[in-house]
Amino acid sequence: MLEIKNLHVKIADEDAEILKGIDLVVPKGEVHAIMGPNGSGKSTLAYVLAGREDYEVTDGDILWNGESILEMAPDERAAKGVFLAFQYPMEIPGVAGLTFLRTAANAVRKKRGQEELTTPGFMKLVKEKAAELNIDVEMLKRPVNVGFSGGEKKRSEILQMAMLEPSLCVLDETDSGLDIDALRIVSDGVNALRSPERAMLVITHYQRLLNHIVPDKVHVLAYGKIRKSGGKELALELEKSGYAEFQKDAA
Amino acid sequence: MNVAVMKTKAEMTLAETFGSVAEALPGGAEVKAARAAAIGRFAAGGLPHRRIEEWKYTDLRGVMKDALPVAVGDETKTTIADVIVAMGAIGRIDAPRFVLVNGRYRKDLSNLSGASGITVTPLSEKLAEGDASGLDATDEDRGASALLALNAAYVSDGAVIEVKDGTKLDLPLLVVHVRAGAVPQLSVGRNRIVVGKGATVTIAEIFVAVPGSTVDGQVNSASEVQLGEGASLSHIKVATDLGSVTHLANWLVELGGESSYRAFQYTSSVGVARNQLRATFKGEHAKLDISGVFLGRKSEHIDTTLFVDHAVPHGESRELFKGVLDGEARGIFQGKVIVRPDAQKTDGKQMAQALMLSETAEFDSKPELEIYADDVVCGHGSTAAELDHDLLFYLRARGIPLDQARALLIQSFIGEAIAKVDNTALREALMEEAETWLASSAAKSV
Ligand SMILES: Nc1ncnc2c1ncn2[C@@H]1O[C@H](COP(=O)(O)OP(=O)(O)OP(=O)(O)O)[C@@H](O)[C@H]1O
Ligand SMILES: [Mg+2]
């Protein structure tokens with residue numbers, strides 16, 4: 001279970017708070033969606049979950065399976081099952097995709113006390129997962145994300161997720177930039193990972209994604225706080241009304 | 001120019017001991033005369049110092065405070081096993097090798113079978129026969145001239161490599177300079193490489209030390225290289241694990257028409273290194289590619305100085321150097337490209353990049369273009385940057401621990417330069433050397 005309690009966050013070296021007391025619980029086996037206006041702090045929340053150092057938590061706590069993760073380094077969190085699919089995946093010149101995937105998969109396996117993958121074992125797994133996501137393995141011989149299209153980068157994130165077998169998946173606008181077919185393929189990939197042992201937090205601007213990945217709950221994050229929570233129908237309401245009412249709240 | 005300068009203790013000793021050492025060095029009367037003339041030139045110029053523009057970052061008067069005894073012969077009981085261990089990852093490459101220990105050719109440790117089409121003769125033999133060619137060599141940089149003169153005066157041995165026209169050899173020829181024993185010495189070697197028309201070869205000069213030997217010493221090494229028409233030479237230099245040695249290397253290269261010269265220089269774990277290379281285009285349509293990697297930590301000082309002289313039209317030159325600097329290490333890159341008035345249609349590009357792993361490391365880069373022709377394409381660039389924090393976070397978010405993430409990013413940074421080494425065995429061995437270096441230090445500091 002993911003428990004976010006009264007989380008206050010600011011940018012290190014700056015005064016302004018971005019997250020102003022987030023309270024959120026995502027039980028295992030559930031998928032929650034977060035929607036909200038641009039600049040409301042959705043990516044900030046995602047980064048703080050993954051352990052990015054540019055942010056400072058000034059109050060509150062984040063518990064994953066009852067354990068606070070705030071003091072953990074990003075790689076320790078990854079080993080504990082936390083995975084963030086980035087809104088803007090980065091390019092890593094000079095590091096081949098396959099090397100990267102294998103290093104990452106074996107690093108988390110080692111920390112989780114699982115056996116590391118052999119070369120043939122790894123290749124078999126990566127070919128299988130890549131095929132499911134319609135990714136050409138040849139592409140993975142190139143440096144990570146270098147020269148990939150926006151949609152290819154997003155698919156590459158989901159491949160990484162599939163390879164690392166996380167238990168808390170945070171997807172930051174994974175749908176943006178995907179064409180209609182890719183959206184379905186990626187959603188299928190995400191749905192394949194749905195299990196009673198996994199919790200998922202899906203950040204999106206578009207109700208359409210939620211037709212594919214049907215959430216248990218939808219939350220509105222605006223001006224640094226969860227302003228409203230509801231069932232999947234909340235996404236449809238937002239589609240019509242927009243975020244105007246929350247703006248008033250914040251004033 | 002001829003302002004009288006006080007000589008340092010080291011300079012005086014180097015000039016004065018010549019009389020007593022000369023007898024023990026190889027060479028007949030002509031060679032002895034050439035050596036005496038050379039020590040005269042050295043005495044006049046002295047060690048390169050910071051008031052010589054090309055040496056402003058590497059002041060040898062300050063660095064070489066003491067003159068070490070000149071190595072005239074090898075008295076160590078170095079074995080082939082010692083040499084293989086000293087060579088690290090490169091020791092596992094099965095290739096013809098010419099081994100020198102403390103500046104002297106060791107036939108018992110060498111094995112030249114497989115080097116078909118190539119004649120390798122110890123320079124000491126040539127000198128003994130009275131061959132004094134090259135001992136009068138000078139350079140436009142008077143600092144380099146002084147070191148060449150010191151080299152000519154004291155040279156004990158080296159490899160004279162003649163590659164027959166049309167030879168094609170996949171195996172690299174390894175010229176291994178080994179330092180061994182407990183006594184710090186000045187080791188002086190000189191190689192001569194002549195690649196015949198249309199021949200294609202890889203020659204690697206490896207400078208290493210037998211583990212457990214003195215960590216002190218000085219090396220003065222010179223290589224003269226001539227590429228015949230259409231010849232292709234991949235010329236690799238590796239200097240690793242040399243302790244606090246002062247390592248001075250000077251390569252003088254002449255490119256014949258349509259020849260291709262690809263140099264790669266790898267330097268790590270050395271006290272002070274100066275790798276100087278002058279390449280002159282003698283024939284048209286020749287190609288030059290000089291690249292390298294330098295890895296420095298603690299107070300190591302690694303200087304790469306290049307002079308690329310486009311003397312004729314239609315030449316192409318590329319330079320790419322990548323450095324990783326940790327602790328208080330200092331990296332220097334000086335790259336001068338001269339395009340003479342006749343050298344139209346020259347195409348030259350240069351890039352030097354340093355990755356700074358600490359705030360106290362320093363990188364000085366001085367690219368210089370001197371262009372006297374109008375129809376040319378030339379460019380250069382230089383950067384010094386820290387490891388990208390966002391990329392580090394990305395890797396760590398995927399479960400890769402900090403040390404490993406840093407190593408991966410550093411490897412990818414230098415990998416671009418190491419990729420220039422065409423010979424697969426050497427390229428992989430160098431990548432392995434770099435990984436060992438990273439594992440031993442750089443990856444651990446934050
Ligand atoms: N590193 C940073 N430096 C300065 N400001 C930042 C930084 N990161 C985030 N911010 C600011 O914090 C606020 C929240 O940004 P965040 O990226 O979390 O928004 P978001 O909800 O993900 O928006 P979008 O829907 O556009 O992706 C914005 O005003 C942004 O400018
Ligand atoms: Mg965002």
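Asker: Explain the overall build of chain B to me, please; I cannot follow it from the model alone.
Answerer: Secondary structure summary: chain B contains ten helices and 19 strands in total. Against the compact-globule benchmark of 22 Å for 446 residues, chain B has a radius of gyration of 21 Å, which places it among compact chains. Oriented by its inertia axes, the alpha-carbon framework of chain B measures out at about 70 × 55 × 55 Å. For chain B, the proportion of its 446 residues judged to be buried stands at 61%. Contacts spanning at least 24 positions in sequence make up 84% of the contacts within chain B whose residues lie at least 6 apart. Of the charged side chains in chain B, 46 are positive and 59 negative, and the gap between their average positions amounts to 2 Å.

Asker: Teacher, can you tell me more about the overall build of chain A here?
Answerer: In terms of regular secondary structure, chain A is built from nine helices and twelve strands. Since a compact globule built from 251 residues should have a radius of gyration of about 18 Å, the 18 Å found for chain A is in line with a globular shape. When its C-alpha atoms are laid out on the principal axes, chain A stretches across 55 × 40 × 35 Å. Each of the 251 residues in chain A was classed as buried or not, and the buried ones make up 55%. For chain A, the proportion of contacts with a sequence separation of at least 24, taken over those separated by at least 6, is 68%.

Asker: What is the right way to look at the side chain of A:Gln207 in this model?
Answerer: Residues and elements named next belong to chain A. Summarising the element assignment, Gln207 is placed in helix H7 (residues 207-212). Of the residues examined, Gln207 reaches a relative accessible area of 11% and is grouped as buried. Side chain to side chain, Gln207 and Asn211 meet in a polar contact 3.0 Å long.

Asker: How should I be thinking about the packing of helix H3 (residues 97-111) of chain A against helix H4 (residues 119-132) of chain A in this particular structure?
Answerer: Axes are the key here: two packed helices are described by the angle between their axes and the distance separating the axes. All names here are of chain A. At a minimum axis distance of 11 Å, the contact between H3 and H4 shows a crossing angle of 110°. Considered as vectors, H3 and H4 are oriented roughly perpendicular to each other. Residue-level inspection shows Leu98, Leu101, Arg102 and Arg109 of H3 in contact with H4, the latter providing Thr119, Phe122, Met123, Leu125 and Val126. A breakdown of the residues in the contact of H3 with H4 according to their chemical character gives six nonpolar, one polar and two charged.

Asker: Sorry if this is basic, but what is going on with the sheet that holds strand E14 (residues 301-310) of chain B here?
Answerer: Sheet strands pair by backbone hydrogen bonding; their relative direction is either parallel or antiparallel. Residues and elements named next belong to chain B. Here nine strands make up an open sheet; going across it, the order is E3-E4-E6-E8-E10-E12-E14-E16-E18 and the pairing mixed. At either margin of the open sheet sits one strand with a lone partner, and together these are strand E3 (118-122) and strand E18 (362-371). Ignoring strand direction, the axes of neighbouring strands in this sheet form an average angle of 10°. Sheet topology note: the strand E8 (residues 218-227)/strand E10 (residues 246-255) ladder contains ten bridges and is parallel. Note on E10: the bridge partner recorded for Glu224 is Leu252.

Asker: What is the right way to look at the interface of chain B and chain A in this model?
Answerer: Much of the literature gives interface size as the accessible area that the parts lose upon coming together. With 16 residues of chain B at the contact, the number on the chain A side is 31 residues. Here chain B packs against chain A, burying approximately 1,900 Å² in sum over the two surfaces, 68% of which is carbon and sulfur. Considering only the surface of chain B that becomes buried against chain A, B:Phe393, B:Tyr394 and B:Arg398 emerge as the three largest contributors, covering 41% of it. For the interface between chain B and chain A, the tally reads four salt bridges. In this structure, B:Arg396 engages A:Asp75 in a salt bridge whose closest nitrogen and oxygen atoms are separated by 3.1 Å. Per element, the largest residue contribution to the side of chain B that touches chain A is seven residues, and it comes from helix H8 (residues 389-397) of chain B.

Asker: Would you mind showing me how to read the site of ligand 1 here?
Answerer: All names here are of chain A. Residues in close proximity to ligand 1 total 14 residues, the closest being Gly39, Lys42, Ser43, Thr44 and His205. A distance of 2.8 Å separates an oxygen atom of ligand 1 from a polar atom in the backbone of Gly39. Tyr55 is positioned with one of its side-chain polar atoms (N or O) 3.2 Å from a nitrogen atom of ligand 1. If you tally residues by element for the shell around ligand 1, the top one is helix H1 (residues 42-50), at three residues. Residues of the shell around ligand 1, tallied by class, amount to four nonpolar, eight polar and two charged.

Asker: In this structure, what is going on with the confidence of the model for chain B? I would like to understand it.
Answerer: Predicted coordinates in areas of low pLDDT are best not read in detail. Residue and element names in this part refer to chain B. For chain B, per-residue confidence averages 95 on the pLDDT scale, and residues scoring 70 or more make up 98% of the total. This model gives residues 442-446 a pLDDT under 50, and the stretch forms 15 contacts once residues within four places in sequence are excluded. With a pTM of 0.89, the predicted complex shows an ipTM of 0.96.

Asker: What is the right way to look at the coordination of the magnesium ion (ligand 2) in this model?
Answerer: Octahedral metals with six donors have ideal donor angles of 90 or 180 degrees. Tetrahedral metals with four donors have an ideal donor angle of 109.5 degrees. Residues and elements named next belong to chain A. Looking at the magnesium ion (ligand 2), one finds its protein donor set to be Ser43 (OG) and Gln87 (OE1), positioned 2.0 to 2.2 Å from the metal centre. With Ser43 in helix H1 and Gln87 in the loop between strand E6 (82-85) and strand E7 (92-96), this pair connects stretches of sequence that are 44 residues apart. Each member of the pair Ser43 and Gln87 is classed as buried.

Asker: Is there a simple way to explain helix H8 (residues 233-241) of chain A in this structure?
Answerer: Every α-helical turn comprises 3.6 residues, leaving residues that sit three or four positions apart pointing alike. All names here are of chain A. Listed as buried for H8 are Leu234, Ala235 and Leu238. When H8 is viewed along its axis, its buried side chains cluster within an angular range of 100° and face the same direction. Immediately downstream of H8, the backbone of Gly242 shows phi near 70°, a positive value.

Asker: What's the story with the packing of helix H9 (residues 402-418) of chain B against helix H10 (residues 424-440) of chain B in this structure? I'm lost.
Answerer: All names here are of chain B. At their nearest, the axes of H9 and H10 sit 11 Å apart, and the two run at 150° to each other. Taken together, the axes of H9 and H10 lie roughly antiparallel to each other. For the crossing formed where H9 meets H10, the hand is right-handed. Packed against H9, whose contacting residues are Ala407, Ile410, Gln411, Ile414, Gly415 and Ile418, the element H10 presents Arg427, Leu430, Met431, Ala434, Glu435 and Leu438 at the interface. Along the lines of polarity and charge, the residues of the contact of H9 with H10 split into eight nonpolar, two polar and two charged.

Thresholds applied
- Residues numbered from 1 in each chain as written.
- Chains lettered and ligands numbered in written order.
- Predicted model: local features only at pLDDT ≥ 70, side-chain atom pairs only at ≥ 80, totals over all residues.
- Heavy atoms only, no water.
- Helix = DSSP H or I, 4+ residues; strand = E, 2+ residues; numbered from the N terminus.
- Rg over C-alpha atoms; globule rule 2.2 N^0.38 Å.
- Buried < 20%, exposed > 50% of the residue type's maximum accessible area, 1.4 Å probe, protein only.
- Contact = heavy atoms within 4.5 Å.
- Lys, Arg positive; Asp, Glu negative; His and termini not counted.
- Charge placed at Lys NZ, Arg CZ, Asp CG, Glu CD.
- Polar contact = N/O pair within 3.5 Å; in protein donor to acceptor, adjacent residues only side chain to side chain.
- Axes fitted to C-alpha atoms, helices over the stretch in contact; angles between N-to-C directions.
- Parallel < 35°, antiparallel > 145°, perpendicular 65-115°, else oblique.
- Nonpolar A, V, L, I, M, F, W, Y, C, P; charged D, E, K, R; others polar.
- Pairing = 2+ DSSP bridges.
- Buried area = accessible area lost by both parts, 1.4 Å probe.
- Salt bridge = Lys/Arg side-chain N within 4 Å of Asp/Glu carboxyl O.
- Near = heavy atom within 4 Å.
- pLDDT = per-residue confidence, 0-100.
- Donors = N, O, S within 2.8 Å, 3.2 Å for Na, K, Ca; no water.
- Arc of directions from axis to C-beta.
- Left-handed = near helix turned anticlockwise from the far one by under 90°.

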